[in-house]
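# Examining the three-dimensional arrangement
Single-letter residue listing:
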Amino acid sequence: MDESESFSQYMDTKRLETLVDGIFAIAMTLLVLGLAVPVIRPPLTNAGVETAIISIIPNFISLVVSFVLLAVFWKIHHRIFKQINKMNGTLLWINVIWLLFIVLVPFSATLTGDYGQFTIANVIFNINMLGIATLLYLNWHYADYKNFIHEKISDEEISFTKKVNLSFIIVAITAIGLSYVIPQYSQTVYIIMIPIELIVKFLMSL
């Protein structure tokens, strides 16, 4: 196989990173559409306005949680692709399917905002998160398997990223379980994902 044939098997990662940035920007913006200003029937009173605002608090909480989670996933993906120097068609499609789960977040977030008291709404949201977490893990695992990771990245750093991504999967599975016990509060488990890198780093140092 000559050099040109070998080169044609791989693709540059920059265009994928640009696509990812654009999809995340759209998904994070669409989240606000689930937070519509409530329509208040006349006669208008201060108490009526307060009641209407209180009624959209679940949607606001769902928006904030989803926005932060998307920010965490974007950050991890960005860091991963700073360490990957090439990709093939398989890795590309892993990321495309991953982005499908990303664009579903505004839908699943609105579902929990409107019907968060019901188990099914929370299960759908948490399965959405599980899909994102699983494909993010598969993304890095496949890149490592195919030696797409830059040679300057140490085995310890590769292992660290795998464990961080695996922890996302564990948290999402936990949230699915909590959906059957405390559906309205199942999303609280995702709080741990904000400092997750620090937690994993601490556990690895023990």
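Bear in mind that the values here come from a model prediction, so they are computed numbers and not experimental data. (Residues numbered from 1 in each chain as written. Predicted model: local features only at pLDDT ≥ 70, side-chain atom pairs only at ≥ 80, totals over all residues. Heavy atoms only, no water.)

## Section: a nonpolar patch on the surface
Taken together, the side chains of I54, I57, F60, I61, V64, V68 and I194 make up a nonpolar region of the molecular surface, amounting to roughly 610 Å² of accessible area. Looking at which element gives the most residues to the nonpolar patch, the answer is helix α4 (residues 57-83), with five residues. A relative accessible area of 45% means that F60 is categorised as partly exposed. (Patch = residues over 30% accessible without salt bridge, like charges linked within 9 Å, V, L, I, M, F, W, Y side chains within 5 Å. Areas by Shrake-Rupley, 256 points an atom, 1.4 Å probe, with all protein chains shown as cover. Salt bridge = Lys/Arg side-chain N within 4 Å of Asp/Glu carboxyl O. Helix = DSSP H or I, 4+ residues; strand = E, 2+ residues; numbered from the N terminus. Buried < 20%, exposed > 50% of the residue type's maximum accessible area, 1.4 Å probe, protein only.)

## Things to note about the packing of aromatic side chains
Going through the model one piece at a time under the given rule, you end up with four aromatic pairs. With a centroid separation of 5.5 Å and an interplanar angle of 40°, the aromatic rings of F24 and W98 are classed as tilted. Taken together, the residues span a long stretch of sequence, with F24 in helix α2 (residues 14-30) and W98 in helix α5 (residues 89-103) at a distance of 74 residues. Here F24 and W98 have matching classes, each one buried. Aromatic side chains F73 and F168 sit 5.4 Å apart centroid to centroid with 75° between the ring planes, which places their arrangement in the edge-to-face category. You can see F73 sitting in helix α4 and its partner F168 sitting in helix α8 (residues 155-179), a full 95 residues away along the chain. (Phe/Tyr/Trp six-rings, centres within 6.5 Å; stacked < 30°, edge-to-face > 60°.)

## Comments concerning the pattern of salt bridges
Under the counting rule described, the total for this entry stands at one salt bridge. Between K162 and D144 there is a salt bridge, and its shortest N-O distance comes to 2.8 Å. Placement of K162 in helix α8 and of D144 in helix α7 (residues 119-145) is noted, with a sequence separation of 18 residues between them.

## Notes on the confidence of the model for the protein
Chain-level pLDDT for the protein is 88 on average; 96% of the residues reach the 70-or-more range. The weakest mean pLDDT in the protein belongs to helix α1 (residues 3-8) at 43; the strongest belongs to α7 at 96. Across residues 1-7 the pLDDT falls below 50, and counting only partners more than four positions away or on other chains, this stretch makes two contacts in the model. (pLDDT = per-residue confidence, 0-100. Contact = heavy atoms within 4.5 Å.)

## Things to note about unusual backbone geometry
In this structure, N147 takes a positive phi of about 60° despite not being glycine. Inspection of the secondary structure assignment puts N147 in the loop between α7 and α8.

## Things to note about α2
Across its 17 residues, α2 extends 25 Å between first and last C-alpha, which sits within 8% of the 24 Å expected from 1.5 Å per residue. Among the residues of α2, L16, E17, V20, I23, F24, A27 and M28 are the ones counted as buried. Looking down the long axis of α2, one finds its buried residues gathered within 125° of arc, a one-sided arrangement. In α2, the exposed positions angled more than 90 degrees off the buried face are occupied by R15, T18, I26 and T29. (Expected span 1.5 Å × (residues − 1). Arc of directions from axis to C-beta.)

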